[in-house]
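Observations on the model geometry
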Amino acid sequence: MSATNAQPTPVAIGEHQVGADQPVYVIGEIGINHNGDVEIAKKLIDVAVEAGCQAVKFQKRTPEISTPKDQRDKIRQTPWGEMTYLEYKYKVEFEEPEYTEIDAYAKEKGIQWFASPWDAPSVEFLEKMNVPTHKVASASVTDHEMLRALAATGKPIILSTGMSTLEQIDAAVEILDSTKLVILHSTSTYPLPPEEANLRTITTLQERYGVPVGYSGHETGLQISIAAVALGAVAVERHITLDRAMWGSDHASSLEPKGLENLVRDIRILEKALGDGQKRVMPGEFSPMSRLRRVDA
Ligand SMILES: C=C(OP(=O)(O)O)C(=O)O
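A brief structural summary. (Residues numbered from 1 in each chain as written. Predicted model: local features only at pLDDT ≥ 70, side-chain atom pairs only at ≥ 80, totals over all residues. Heavy atoms only, no water.)

1. Overview of the overall build of the chain
- Secondary structure summary: the chain contains 11 helices and 12 strands in total.
- Taking 19 Å as the expected radius of gyration for a compact globule of 297 residues, we find that the chain reaches 21 Å, a close match to that expectation.
- Across its three principal axes, the chain shows a C-alpha extent of roughly 80 × 40 × 40 Å.
- The buried share of the chain, reckoned over its 297 residues, is 49%.
- Of the contacts formed within the chain by residues at least 6 apart in sequence, a portion of 66% connects residues at least 24 apart.
- In the form shown here, the chain has an accessible surface area of approximately 14400 Å², with 51% of it arising from carbon and sulfur atoms. (Helix = DSSP H or I, 4+ residues; strand = E, 2+ residues; numbered from the N terminus. Rg over C-alpha atoms; globule rule 2.2 N^0.38 Å. Buried < 20%, exposed > 50% of the residue type's maximum accessible area, 1.4 Å probe, protein only. Contact = heavy atoms within 4.5 Å. Areas by Shrake-Rupley, 256 points an atom, 1.4 Å probe, with all protein chains shown as cover.)

This is how it looks when you write it as structure tokens:
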């Protein structure tokens, strides 16, 4: 855990480098917005590819382990009828046949995919799928058993930090290999109001952990994610959906295809605009300078 002003070495995630002076790593978080339908998942992969994301992400659960005990028997109205929360969790869970299809489809489309495992057996499952990285969801920052399973994979890890204190993040970072770690600043309020975004935490995390820091956003709109990049975020993750009005908990605070396209477009402009911070006269200024500046002044 080193505090330093030097830029941390980028982390390699498959063919992509994530860090300073690299293209911002944009992750389209499909999560469970596929609503249990692999065809919707494929359409969302298309959306991410067309927007220019480098990766899409899913969530992998073993529902009888990851669903909090006091929530399991709660009754829910769902598109599949009335059922318990646990039954619903199984409805939206992809298993090996669906992930095999997703893997082939993502490879064909040239985009990376990975997932946040929500329990230790899901780490094993994702390892069998040969994912390039694993994401730690904010809710799992304190799940040390799972973090140890993730560290044992030797893969680069993306650690989200919503709903967490610095002490909880310290303990998680102690378990993970900080040479292969990307931390995401996040606030787990859905949808995120601007006054809870606290984007300056990006700098706090950069200085405290000396690793590349990105942003996982749950706001509506694009401004906060774009500002995160201006403040140094090297990765941005946003939930994506085909339609914000679809049934399910995460659709409303997700980006639709046009929103994602605009986000990636604006991030790519910002990457160019941020520059290197060295003050110099730019090539485009020579002509206006010759017209506007008095040489005898
Ligand atoms: C909920 C997740 O992420 P975050 O905490 O970044 O929102 C997730 O990755 O499953």
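On we go.
2. Examining the side chain of Glu219
- Looking at where Glu219 falls in the secondary structure, it is placed in the loop between strand 11 (213-217) and helix 9 (223-230).
- The exposure class of Glu219 is buried, given its relative accessible area of 1%.
- A polar atom in the side chain of Glu219 sits 2.6 Å from the side chain of Ser225.
- Those residues within four positions of Glu219 in sequence are excluded, and the remaining contacts are Leu192, Ile224, Ser225, Arg238 and Ser253. (Polar contact = N/O pair within 3.5 Å; in protein donor to acceptor, adjacent residues only side chain to side chain.)

3. A closer look at the side chain of Thr78
- Looking at the secondary structure, you find Thr78 in strand 5 (residues 75-78).
- Among residues more than four places away in sequence, those in contact with Thr78 are Met83, Tyr88 and Trp247.

4. Quick look at the site of the ligand
- Taken together, the residues surrounding the ligand are Glu29, Lys57, Gln59, Ser116, Trp118, Lys135, Ala137, Ser138, Ser160, Tyr190, Ser216 and His218.
- Lys57 places a side-chain nitrogen or oxygen 2.9 Å from an oxygen atom of the ligand.
- Between the ligand and the protein, one listed contact pairs an oxygen atom with a side-chain N or O atom of His218 at 2.7 Å. (Near = heavy atom within 4 Å.)

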